Amino acid sequence: MERGPVKVALFQMTSGIDPYANAAAIVDAARKAAGAGAAMLFTPEMCGLLDRNRARATPNIVPESENPVLAAARDVARQTGLWIDLGSLAVLREDGKWANRGFVIDADGAIAARYDKIHMFDVDLATGETWRESAAYTPGEQVVTVDTPVGKLGLAICYDVRFPALFEELGRRRCDAIRIPAAFTVPTGKAHWHLMQRARAVEASAWVISAAQGGRHEDGRETFGHSLVVDPWGEVAYDGGEGTSLGYAMITPARTGEVRAQLPSLANKREIPRSAP
């Protein structure tokens, strides 16, 4: 039996340097989303801590078991019966290194899936902005999917969106939806955000759900915002605009079937010969 439409909430944040304040904001958004009838809440990349000052941030980057944002999200999920997708948190791995890790929390407050961001944001922009994510974080190595109220959900984070091979694999796994939480810079957001989100939806013939950071942050950075829901045809079903917001969209499984029947690109895919080294 085909599932009916599912209401989702996207919390567009302007996360700061205090994990407890960020946790409180997520809990408040979760209660509002549950009250509005949403089945699942999506939050941005680095929703628990956004601080480019590494010395100041380090005491707040702790193992999963000690992370106050993860604990608060699990508690409110259990209390409300809401699924929560924590776009990502900065966590301390067992080997002492850091991971940019996303979590999917089910309606009982259990962790249903984890995903460590694979592609590190190491760039030098024409504006003078320089970012070296790999200087602090260790990339993940696993493609992750999980069954959720929106169907089979594929997990990606921010800079991953620029690497089609990941989304080709998520399409091969027949994901119903893909989440791409982000903290996009303003220059790259203006140029590429909508373009790439829509492209990934079309490539995978899947819904794309992307909660984003937006606004001027405590650590001085500015992020693009525009949390998006894109349908499998590439049409934008929701755009969160700028700043902080809590918005809603309907994920309609029947739309996925319609698109895959009209344009069966996943079924038509062929292996491309590789050039010699």
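This text follows the structure it describes.
Along each chain, the written sequence defines residue order, and numbers are assigned to residues from 1. Confidence filtering applies because this is a predicted model: local features only for residues at pLDDT of at least 70, side-chain atom pairs given and counted only at 80 or more, and all residues used for totals across whole chains, interfaces and linings. Based on all heavy atoms of the structure, the side-chain values leave hydrogens and waters out of the count.

### A word on the state of the cysteines
Only a pair of cysteine sulfur atoms within 2.5 Å counts as a disulfide in this structure description. A full pass over the atoms with the stated rule returns zero disulfides. Here Cys158 stays unpaired: no disulfide links it, and the sulfur of Cys47, its closest cysteine neighbor, is 13 Å away. Given the relative accessible area of 7%, Cys158 is considered buried. Looking at the unpaired Cys175, the closest cysteine sulfur is the one in Cys158, lying at 19 Å. The classification of residues rests on relative accessible area computed with a 1.4 Å probe and restricted to protein chains. Under 20% of the type maximum is buried, over 50% is exposed, and intermediate values are partly exposed.

### Comments concerning the packing of helix H4 (residues 164–172) against helix H5 (residues 186–204)
The packing of two helices is summarised by the inter-axis angle and the distance between the axes. Between N-to-C directions, angles cover 0 to 180 degrees, with each direction set by a line fitted to C-alpha atoms, over the stretch in contact for helices. The helix and strand labels rest on DSSP assignments: H or I over at least four residues marks a helix, E over at least two residues marks a strand, and numbering proceeds from the N terminus. Their axes nearest at 9 Å, the elements H4 and H5 cross at an angle of 35 degrees. Our pair here, H4 against H5, has a crossing hand that is right-handed. On H5, the residues that touch Pro164, Phe167 and Gly171 of H4 are Arg200, Glu203 and Ala204. Here the contact of H4 with H5 is composed, by residue class, of three nonpolar, one polar and two charged. Note on convention: the crossing is left-handed when the near helix lies turned anticlockwise from the far helix by less than a right angle, right-handed when the turn is clockwise. The criterion used for residue contact is that any of the two residues' heavy atoms lie within 4.5 Å. All amino acids are sorted into three groups, where Ala, Val, Leu, Ile, Met, Phe, Trp, Tyr, Cys and Pro are nonpolar, Asp, Glu, Lys and Arg are charged, and the leftover types, Gly among them, are polar.

### Comments concerning the side chain of Ser227
Looking at the secondary structure, you find Ser227 in the loop between strand E13 (222–224) and strand E14 (228–230). Of the residues examined, Ser227 reaches a relative accessible area of 1% and is grouped as buried. Residues adjacent in sequence count toward polar contacts only when both atoms are side-chain atoms; beyond that, a polar contact is any pair of N or O atoms within 3.5 Å, and within protein one must be able to donate a hydrogen and the other to accept it. Looking at Ser227, its side chain comes within polar contact range of the main-chain nitrogen of Ala212, at 2.9 Å. Contacts of Ser227, omitting those with residues within four sequence positions, involve Leu10, Gln12, Ser210, Ala211, Ala212, Tyr238, Asp239 and Gly240.

### Brief notes about unusual backbone geometry
One non-glycine residue, Met46, lies in positive phi territory at about 50 degrees. Tracing the backbone shows Met46 in the loop between strand E2 (40–42) and helix H2 (54–57). For Met46, a relative accessible area of 7% translates into the label buried. Notably, Cys158 is not glycine yet its phi reads approximately 45 degrees, a positive angle. One can find Cys158 in the loop between strand E9 (151–155) and H4.

### Remarks on the packing of aromatic side chains
Side-chain rings of Phe, Tyr and Trp, where Trp is taken by its six-membered ring, are said to pair if the distance between their centres is within 6.5 Å; with planes under 30 degrees apart they count as stacked, over 60 as edge-to-face, and otherwise as tilted. Using the criterion set out here, one finds two aromatic pairs in the structure. Ring centres 5.2 Å apart and planes at 80 degrees place the aromatic pair Tyr159 and Phe163 in the edge-to-face group. Taking the relative accessible area as the measure of exposure, Tyr159 reaches 15% and is therefore buried. Overall, the relative accessible area of 27% leaves Phe163 in the partly exposed class. Over the aromatic face of Tyr248 sits the side chain of Lys7, whose NZ or CZ is 4.8 Å from the ring centroid. A positively charged side chain is recorded as over a ring if its NZ (Lys) or CZ (Arg) lies within 6 Å of the ring centre. The angle to the ring normal must also be within 35 degrees.

### Quick notes on the side chain of Asn67
One can find Asn67 in the loop between H2 and helix H3 (68–80). Looking at Asn67, the relative accessible area reads 6%, which means it is buried.

### A look at the sheet that holds strand E16 (residues 245–251)
If you walk across this open sheet you meet the six strands as E5-E4-E3-E2-E1-E16, and the pairing is mixed. Because the sheet does not close on itself, it has two edges, and the strands there are strand E5 (111–116) and E16. If you compare each strand with its neighbour and ignore which way they point, the axes differ by 30 degrees on average. As judged from the three bridges shared by strand E1 (residues 6–12) and E2, these two strands associate in the parallel manner. Counterpart to Leu10 in the pairing with E2 is Phe42. In this scheme, strands are said to pair when DSSP sees at least two bridges between them.

### So, the pairing of E5
Moving residue by residue along a regular strand, the side chains alternate between the two faces of the sheet. Bridge count for strand E4 (residues 98–105) against E5 is five bridges, and the pairing is antiparallel. Counterpart to Arg101 in the pairing with E5 is Asp116.

### Thoughts on the pairing of strand E8 (residues 145–148)
Going residue by residue along E8, you find Val146 and Thr148 tucked away on one face and Thr145 and Asp147 left uncovered on the opposite face. Two strands pair when backbone bridges link them, and E8 and E9 are joined in this way by four bridges, in the antiparallel orientation. Bridge pairing in E9 places Val146 opposite Leu153. Remark: two residues form the turn of the hairpin made by E8 and E9, two consecutive strands paired antiparallel.

### Brief notes about the environment of Phe184
As for its position among the elements, Phe184 is in the loop between strand E10 (177–179) and H5. The class of Phe184 is buried, set by a relative accessible area of 6%. Phe184 sits 25 residues away from Tyr159 along the chain, and the two C-alpha atoms are 8.2 Å apart. With sequence-adjacent residues up to four places away left out, Phe184 is seen in contact with Cys158, Val161, Arg162, Gly189, Trp193, Met196, Glu222, Thr223 and Phe224.

Spatial relationships are all this shows, so hold off on functional conclusions.
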